[in-house]
Amino acid sequence: MTKAIRMSATGGPEVMEYVDVELGQPGPAEVLVRHAACGLNFIDVYFRTGLYPQKLPGGLGQEGAGTIEAVGSDVGEFKVGDRVAYAGGPNGAYSEARVMPAKWLVKLPDAIAFDTAAAMMLQGMTVQYLLRQVFPLKGGETILWHAAAGGVGLIASQWAKALGVTVIGTVSSEEKAALAKAHGCAHVINYKTENFAERVKEITGGKGVPVVYDSIGRDTFFHSLDCLAPRGLMVSFGNASGPVAPFSLSELASRGSLSITRPTLGNFIAGREALNTVSGDLFSVVESGKVRIEINQRYALKDAAQAHIDLEARKTTGSTIFTL
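Residues numbered from 1 in each chain as written. Predicted model: local features only at pLDDT ≥ 70, side-chain atom pairs only at ≥ 80, totals over all residues. Heavy atoms only, no water.

Student: An account of the overall build of the chain is requested, with residue identities and associated values reported.
Tutor: When helices and strands are tallied, the chain shows nine helices and 16 strands. Relative to a compact globule of 324 residues, whose C-alpha radius of gyration would be 20 Å, the chain shows 20 Å and is just as compact. In terms of overall dimensions, the chain has C-alpha extents of about 60 × 40 × 35 Å along its principal axes. Where the 30 positive side-chain charges of the chain centre and where its 31 negative ones centre are 4 Å apart. (Helix = DSSP H or I, 4+ residues; strand = E, 2+ residues; numbered from the N terminus. Rg over C-alpha atoms; globule rule 2.2 N^0.38 Å. Lys, Arg positive; Asp, Glu negative; His and termini not counted. Charge placed at Lys NZ, Arg CZ, Asp CG, Glu CD.)

Laid out in structure tokens, this is it:
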């Protein structure tokens, strides 16, 4: 038996239960991972509330790091004792240990601690595909990044700065503004007190930016479109304030032939080669010191409900992990 978070219905944080679960043995293409830590991400809220469907009863969590304790008969890439990390795949990371498909795992370099890996895999690989694949930054661009003091935002700001990119970040408080600036944002806008679309135009001399990265969703979407230069790209990759309402494509045309994309991590790490490329790029930039992973909150697994409450109230900054 092992401890894990399970839910039998969708709803508020109270639907998460801290219970004993039977592990069983890994199937042919599976491994048993003993977690050292697991990560908290906003996508977990989407699954908990039912915005993203899943089979119930079931677990939560898509990110973790630990050691392999058993391998299935068809697993050739990993062995017992390997240090591994992952993001994506079936929910269930909120657990002391789990059996899961080996295809989601990568070997963790010795130089990267388990806590760091659990805090960065989903967020860091998300940043990799956004900055290096969805809109490949070459250096010299000015971009807009919403929620710049969050876990994804802090990684993105540092990584973009290392690429020679000027980052305009939005935040919801002066404390978060200072944090974003300390991690690479050249300009920080408090959207609680400023009109961020107007400020972006001021900063860019009226030109707008070639790309906006927006994980907020409903509350920022249309103003984000107003920040784009003609033929700019709107990258909508999250729904922290709720899903974007249906809109007419003429909204894109009237603002200068804009484009929009709604990418997800799974499509960029599908297959071993893609997963190794994305994770390897993340490991390299972290090992180089150009990107520091800020773990600003730690919770015991049994306190998962409180962690979700704090996350949804925007009380968290940087990355958050569950300690085991």
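Following the structure, the description resumes.
Student: Pulling in residues and values, what's your account of the sheet that holds strand β1 (residues 2–7)?
Tutor: Taken together, three strands build an open sheet; the order of strands is β2-β1-β4 and the sheet is antiparallel. The open sheet has two edge strands with one neighbour each: β2 (17–21) and β4 (58–59). Of the strand pairs in this sheet, β1 and β2 are connected by five bridges, and their pairing is antiparallel. Looking at β2, one finds that I5 is bridged to Y18. (Pairing = 2+ DSSP bridges.)

Student: Tell me about the nonpolar core, residues and numbers included.
Tutor: In this structure, Y94, L105, M121, M125, W145, Y213 and F322 are the most contacted members of the largest nonpolar core, which totals 84 residues. For this core, the leading source of residues is helix α2 (residues 114–134), giving 12 residues. Apart from the residues lying within four places of it in its own chain, the contact partners of F322 are A37, C38, G39, L40, Y94, Y299, A300, L301, A304 and A307. (Core = buried A, V, L, I, M, F, W, Y, C linked by side-chain atoms within 4.5 Å. Buried < 20%, exposed > 50% of the residue type's maximum accessible area, 1.4 Å probe, protein only. Contact = heavy atoms within 4.5 Å.)

Student: Tell me about helix α1 (residues 42–49), and name the residues and values.
Tutor: For α1, the complete set of buried residues consists of D44, V45, Y46, F47 and R48. Remark: G50 follows α1 within two positions and exhibits a positive phi of approximately 95°.

Student: Mind laying out the packing of aromatic side chains, listing which residues take part and the relevant values?
Tutor: Inspection of every chain in the model, using the stated rule, returns 11 aromatic pairs. A centroid spacing of 4.8 Å and a plane angle of 65° characterise the contact between Y94 and F322, whose relative ring orientation is edge-to-face. Of the two residues, Y94 sits in the loop between β6 (83–87) and β7 (97–101) while F322 sits in strand β16 (residues 319–323), which places them 228 residues apart along the sequence. Grouping residues by exposure puts Y94 and F322 together as buried. The structure contains a cluster of three or more aromatic residues connected by ring pairs, namely F42, Y46, F47 and Y52. Stacked on the ring of F114, the Lys or Arg R83 has its end atom at 4.4 Å from the ring centre. (Phe/Tyr/Trp six-rings, centres within 6.5 Å; stacked < 30°, edge-to-face > 60°. Lys NZ or Arg CZ within 6 Å of the ring centre and 35° of its normal.)

Student: Which residues make up the side chain of T126, and what are the values?
Tutor: Secondary-structure assignment places T126 in helix α2. Among the residues examined, T126 registers a relative accessible area of 8% and is labelled buried. For T126, the contacting residues outside a window of four places in its chain are V152, F237 and L265.

Student: Got a sec to walk through the sheet that holds strand β10 (residues 166–171)? Specific residues and values, please.
Tutor: Strand order across the open sheet formed by six strands is β11-β10-β9-β12-β13-β14, with parallel pairing between neighbours. Both outer strands of the open sheet, β11 (187–190) and β14 (259–261), are each paired with one neighbouring strand and no more. Neighbour to neighbour, the strand axes of the sheet diverge by 15° on average, direction disregarded. Across four bridges, strand β9 (residues 142–145) lies against β10 in parallel orientation. Bridge pairing in β10 links I143 to V167. On the sheet, helix α5 (residues 196–203) packs against β9, β10, β11 and β12 (209–214) and is oriented at approximately 160° with respect to β11. (Axes fitted to C-alpha atoms, helices over the stretch in contact; angles between N-to-C directions.)

Student: Before we move on, can you summarise the layout of surface pockets with the specific residues and values?
Tutor: Taken as a whole, the second largest pocket holds about 210 Å³ of empty space. As for the second largest pocket, its lining consists of 15 residues, of which R6, N91, G92, R98 and V99 are closest to the centre. Looking at the lining of the second largest pocket, the elements with two or more residues in it are β4 and β7. Considered class by class, the residues forming the lining of the second largest pocket number five nonpolar, six polar and four charged. (1 Å grid on protein atoms, 1.4 Å probe; cavity = no way out; pocket = protein on both sides within 12 Å on 5 of 7 lines; lining within 4 Å. Points joined across faces, edges and corners; volume = space filled by probe spheres on them. Nonpolar A, V, L, I, M, F, W, Y, C, P; charged D, E, K, R; others polar.)

Student: Lay out helix α4 (residues 174–182) with the relevant residues and their values.
Tutor: K176, A177, L179 and A180 are the residues of α4 that are buried. In a view along the axis of α4, the buried residues occupy a sector of 165°, so they form one face of it. Of the exposed residues in α4, those oriented more than 90 degrees away from the buried face are E174, E175, A178, K181 and A182. Of the residues trailing α4, G184 is marked for its positive phi of about 115°. (Arc of directions from axis to C-beta.)

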